[in-house]
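These are the residues of each chain, in order.
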Amino acid sequence: MSMPDVQIRPNHRLVIEGMTCASCVGRVEKAIANVPGVAKASVNLATERADIAFSGTPDVPAVITAIRNAGYEVGERTIELDIEGMNCASCVGRVEKALRAVSGVTNASVNLAMERATVRVATASTTASRLAQAIKAAGYAANEVATGKAEDGGPDRREAELRSLKISLAAAAVLTIPVFVLEMGSHLVPAIHEFVMETVGMRESWYLQFLLTTLVLFGPGLRFFRKGVPALLRLAPDMDSLVVLGTTAAWGFSVVATIAPQLLPEGTTNVYYEAAAVIVSLILLGRYLEARAKGRTSEAIKRLLGLQARSARVLRNGEAVDVPLQQVRTGDVVIVRPGEKVPVDGVVIDGSSYVDESMITGEPVPVNKAGGSDVVGGTVNKNGSFAFRATKVGSDTLIAQIIRMVEEAQADKLPIQAMVDRVTNWFVPAVMLAAAATFIVWLIFGPDPALTFALVNAVAVLIIACPCAMGLATPTSIMVGTGRAAEMGVLFRRGDALQTLRDAEVIALDKTGTLTLGEPTLAYFKTSEGFARNEILSLVASLEARSEHPIAEAIVDAARRDGLPLAAADNFAATPGFGVAAMIGGRKVEVGADRFMARLGHSVAPFANDAERLAREGQSPLYAAVDGRLAAIITVADPIKPTTPEAIAALHGLGLKVAMITGDNRRTAEAIARRLGIDEVVAEVLPDGKVEAVKRLASKGQRVAFVGDGINDAPALAAADVGIAIGTGTDVAIESAGVVLMSGDLRGVVNAIALSRATIRNIGQNLFWAFAYNAALIPVAAGALYPVNGTLLSPVLAAGAMALSSVFVLTNALRLKRFSPPLHGA
C-alpha cells in the first residue's frame, strides 16, 4: 500500500527498534500507513526513526500498537512532572488532555493527591520542557522530577504552599470577621444592629464592608482570580472559575447596591459582601486543611526515605573514613558499628551481629549476620560490629527500589478512576449551566425581590458544586493504602493490583519456596534398638559427604548443626538407583532405598509402620545399615513453613479457593495438600504448564492470583490476573509480579488481600459521599425545597459544606493509616 501524496510536513518522530534491512522499513511504513489518520510516513533504517504526519487528530498510541503488531518495538521512556495549581478533578482532566495532545505522548496519568503527572513518551519524540509548556498553556505550572530524586523539593514545595495558604487564610479571616459581624450580626442580634446604626450608620457600614471585602477578594482571594479567569477565557472553567463567578456576582451586586442603588429594581437593594468574604475564607480554610492532609498521605514515602543512612564509614587507603552516602561505590568495604544503620546493600566479610530488618521485611526478631550473610541498606545494626562489601548502591539498593515501587503504585490509576474522570470532565460546565438555569428560573418565576433570590441561589449552586472531593477520592486512598502496605512489608508495584487483588477468587500457590522453605532438610531420623542417634548420624553424614546430591547435603548439614564430627570415607562405592557404601573409621556403612537394603540382605520390616506413615506424607524413606545390621530410617524433605497452615486457613476464612501448582511429583504434592487443606492440586508441570494451569483456573470465570518465588514462576506470575512474588525469591519473579511480599511469609498474602479490600472499600465510601454530596445539595442550593418548606441554602453555608466534603474524603482516606493486618507477624 503506497502512502497518499499529501504535502504535509511530518511532525511526529518515533524511534523504531529491531529493524535490520530494507524490508523491515517497508513493513514498518506499511503498518503505519494502515493507521487511520496517518497522512505521511518516512522510516529511516540508518537512524532507526520514523517521521509521521497526521491529517487529523494525531493518534500516536495507535501507531505504536501497529508497529508492535508488525513485530518491532518503539522506544519509550517515562517523564515525571510536578504540577502546581491543580485543585479539583476537572484540573486533572485538563492537564491529562493537554499532555496527550503533545506529539509523541503515548499515555499520561495525573495524580491530584500527589500533584504529579507520569507521562509515557516515545523516545526522541518530545522533551520534559515541551510537556511543561503544554501544561502551562492549560493554566498550570510544571517542573520535571529528576531521576532518582522523586521527593527532592516535594516536601519543601508543599510546606511553602502550606505556609502561603496559612498566611492567606489568616489575612482573610481577620478582614472577614468585621464584615460578618457588621452584616450578619445586625440581622441576628438586635443590639448589634442598634449599635451599628448609632455609631457607624447603614450606608457607612456598607462602605466599610465594601473596603474590607474588596481587600479579601483581591488580596488573599487573588489566587482564585489568577487561575479562574484565564480558565474562563480558555472556555475551560475549573473550581477556581466557579469561586470567581460566585464571589464576583455577590460582590458586584453589592457594589451596585452601595454606589448606584437606583440601577436596581425597587426592593432589591441589598448587599452580600459577607457572602463573598466568607466564601473566600471558607474555601481557603478547605484548601489549607486539604494541603495538610495531602502532606500526611505521603508520610509513608517520607518514612521510607528516612530509613536511608546519610553517610557511611568506608575503608579508603587502609583507613576508615566517613563519606556521604552518594560517594559509596560498589566493592567498597563498609564498617558498621553498634546502633548504626546499614548504609547500602552488601555481603558481610568480617565480624557478626544481629540486625533489625523489621522496616524491610516486617519481621520483628533481629537476624543474625555473619560472614557471607546479606545485609540491606536501611536496616539497623543492634549490638555487634561488622564489615561488609557493598554490592548495590544508590538507586540499585533494595530500599531505593521499594521507594520507587511505592511511588509508581501511588501514581497509578485504578480502573474505577476512569469512570470518575469521565464524570468530572463535564462536571464544571454542567454546574455553570445549572447555575445559569437557576438564575433564570428564579428571575422569571421567583417571588419579590426576584433578582435577589436569583443571584443568591445561583451563587450557592456555583459554590457548593465543587468536584474537589471527586478528584481526591481515589488517589488519596491509593496513596495511604500503598504506604500502609509498604510498612507491613507488602509492595504493590502497580496501583491497579490493589483493585484486581480485591476481586481475586482463587489463590494459586507454587510449592517450593512458597508453601515450603525451598531447601531439603533432614525431616526424620530414627535408629534401631542398640544404636545411638548421634553416632549413626555422624557415620551416615561422613558417608554422604562424598556425594553432591541435595539429599546428601541435607544430611551433612544436619550433622554439622548438631556439632557431630565427620570422618574420612574409604572404599566409597555408589550403586546408581540404589545407594552408596563405604568404610568409615573401620566400620562398614551402607545407605540407600529399601531395594538397596533388600539387595544387601537387610530386612526393613522393623520400620514398616514408620515407612507407611512417611509415604502417606509424601516422603520417600532411606535406610542405613552399619556393620551388616539395619541401623536407621531417614527422610529428607522440603519442610512446610511454620506459618503456612495459618495462612491457608486464613485464605479459606476470606472465602477464597486455594490451589497448588507445582513441578513436584503428584504423591508428594497431594500429601502436602491434604495436610494443609488445599482445594486443588496441579502437579508435575513445567513452567509453561503452570501458565496453562493458571489459564485453566481463570477459564472458569474466576479471577486468579498466583503466588511464587522462582524464575520458573515468572511466566505464571505474569499470566495471572495478579501475580504475588515472595520477596525472598528471584529478581525475575519480582519483576513479573504486581505485588511483592518482602518476607517469605505466606501470611503476607492474607494481609495484602485484606488491605486491598479495605482500600477499595475506602475508595467506594469516598466516591459515594463525593457524588451523593453533589447530587443531594445542588438541587437544594438551586432552591428545589423552597416551594415545599421554604428552605434556601445560603452561599456561606454552601461554601462551608463544599470545604467539608473534601476534608471528609481526605480524613476518611487517612483512616487506612490505622489498618491492622488480620495476621500479625507477617
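Residue numbers here run from 1 along each chain, matching the order of that chain's written sequence. Residues qualify for local features only when their pLDDT is at least 70, as the model is predicted, and side-chain atom pairs are given and counted only at 80 or more; totals for whole chains, interfaces and linings, by contrast, use all residues. With hydrogens and water set aside, each side-chain value is computed from the structure's full complement of heavy atoms.

### What about the nonpolar core?
To qualify as a nonpolar core, a set must consist of buried Ala, Val, Leu, Ile, Met, Phe, Trp, Tyr and Cys residues joined through side-chain atoms within 4.5 Å. For the exposure calls, accessible area comes from a 1.4 Å probe over protein chains only, and a residue counts as buried if that area is under 20% of its type's maximum, exposed if over 50%, partly exposed in between. In terms of nonpolar packing, the biggest core is built from 52 residues, with Phe492, Leu501, Ile507, Leu651 and Val749 touching the most fellow members. Secondary structure is summarised from DSSP: a helix means a run of H or I of at least four residues, a strand means a run of E of at least two, and numbering begins at the N terminus for each. Considering every element that reaches this core, the biggest residue donor is helix 28 (residues 747-782), with 10 residues. Should any heavy atoms of two residues lie within 4.5 Å, those residues are counted as being in contact. Residue contacts for Ile507: discarding those within four places in its chain leaves Leu651, Leu656, Lys657, Val658, Ala659, Ala705, Val707, Val749 and Ile753. Of all hydrophobic cores here, the second largest spans 34 residues; its members include Ala172, Trp251, Tyr273 and Val280.

### What to know about the packing of aromatic side chains
Centres within 6.5 Å are what make two rings of Phe, Tyr or Trp a pair, Trp counting through its six-membered ring; a difference in plane orientation under 30 degrees is then read as stacked, over 60 as edge-to-face, and the rest as tilted. One pass over the structure, following the stated rule, counts 11 aromatic pairs. Taken together, a centroid distance of 6.2 Å and an interplanar angle of 45 degrees make the contact between Phe386 and Phe388 tilted. Taken individually, Phe386 and Phe388 each receive the classification buried, so the pair is uniform in this respect. An aromatic cluster is built from Phe210, Phe218, Phe225, Trp251 and Tyr273, whose rings are joined through pairwise contacts. We call a charge positioned over a ring when the NZ of a Lys or the CZ of an Arg lies within 6 Å of the ring centre and within 35 degrees of the ring normal. Between Arg595 and the ring centre of Phe578, over which it is positioned, the NZ or CZ distance is 5.7 Å. Taking NZ or CZ as reference, Arg599 lies 4.0 Å from the ring centre of Phe578, over its face.

### Details of the sheet that holds strand 2 (residues 38-44)
With antiparallel pairing, 4 strands are arranged side by side in an open sheet as 2-3-1-4. Lying at the two open borders of the sheet, with one neighbouring strand each, are strand 2 and strand 4 (73-74). Paired strands, in this sense, are two strands between which DSSP finds at least two bridges. Here 6 bridges tie strand 2 to strand 3 (residues 49-54), and the two strands are oriented antiparallel to one another. Looking at strand 3, one finds that Asn44 is bridged to Arg49. Axes here mean lines fitted to C-alpha atoms, for a helix over just the part in contact, with angles spanning 0 to 180 degrees between N-to-C directions. Packed onto the sheet, helix 2 (residues 60-69) meets strand 1 (12-17), strand 2, strand 3 and strand 4 and runs at close to 20 degrees relative to strand 1.

### So, helix 23 (residues 644-653)
Those residues of helix 23 that fall on the buried side of the exposure criterion are Thr644, Ala647, Ile648, Ala650 and Leu651. Axial view of helix 23: buried residues confined to an arc of 160 degrees, hence all on one face. If you follow the buried residues of helix 23, they end up packed against strand 19 (506-509), helix 18 (511-515), strand 26 (657-661), helix 24 (666-676) and helix 28. Taken from the helix axis, the directions to the C-beta atoms give the arc we talk about.

### Describing the UniProt feature "transmembrane region" (unreviewed entry) in the chain
UniProt positions are given in the numbering used here, feature names are shortened, and annotations may be inferred rather than shown by experiment. In the numbering used here, UniProt assigns the feature "transmembrane region" (unreviewed entry) to residues 167-186, 206-222, 242-264, 270-289, 423-445, 451-474, 767-786 and 792-814. Taken as a whole, residues 206-222 contains 82% helix and 0% strand, while its terminal C-alpha atoms sit 22 Å from one another. When the span residues 767-786 is considered, its composition is 85% helix and 0% strand, and the gap between its end C-alpha atoms is 28 Å.

### A look at the pairing of strand 1
Summarising the sheet, strand 1 and strand 3 pair through 4 bridges and their orientation is antiparallel. Paired with Val15 across the bridge in strand 3 is Arg49. As paired strands, strand 1 and strand 4 are joined by 2 bridges and run antiparallel to one another. By the bridge assignment for strand 4, Ile16 is matched with Val74.

### Considering a nonpolar patch on the surface
Like charges within 9 Å and nonpolar side chains (Val, Leu, Ile, Met, Phe, Trp, Tyr) within 5 Å are joined into patches, using only residues over 30% in relative accessible area that form no salt bridge. Surface accessibility follows the Shrake-Rupley procedure with a 1.4 Å probe radius. Residue values consider only the protein chains on display as shielding. Each salt bridge in this description consists of a side-chain nitrogen of Lys or Arg and a carboxyl oxygen of Asp or Glu lying within 4 Å of one another. Taken together, the side chains of Ile440, Val441, Leu443, Ile444 and Phe445 make up a nonpolar region of the molecular surface, amounting to roughly 520 Å² of accessible area. The exposure class of Leu443 is partly exposed, given its relative accessible area of 40%.

### What to know about the confidence of the model for the chain
For every residue, the predictor assigns a confidence score, pLDDT, that lies between 0 and 100. When the pLDDT values of the chain are averaged, the result is 80; 83% of them are 70 or greater. Counting contacts from residues 1-9, a segment whose pLDDT is below 50, to residues more than four positions away or on other chains yields 17 contacts.

### What to know about the environment of Ala569
When you line up the elements, Ala569 lands in strand 21 (residues 569-575). Of the residues examined, Ala569 reaches a relative accessible area of 14% and is grouped as buried. As for Ala569 and Lys588, which are separated by 19 residues in sequence, their C-alpha atoms are 9.8 Å apart. Once residues within four sequence positions are removed from consideration, Ala569 is found in contact with Ser542, Arg546, Ala582, Met583 and Ile584.

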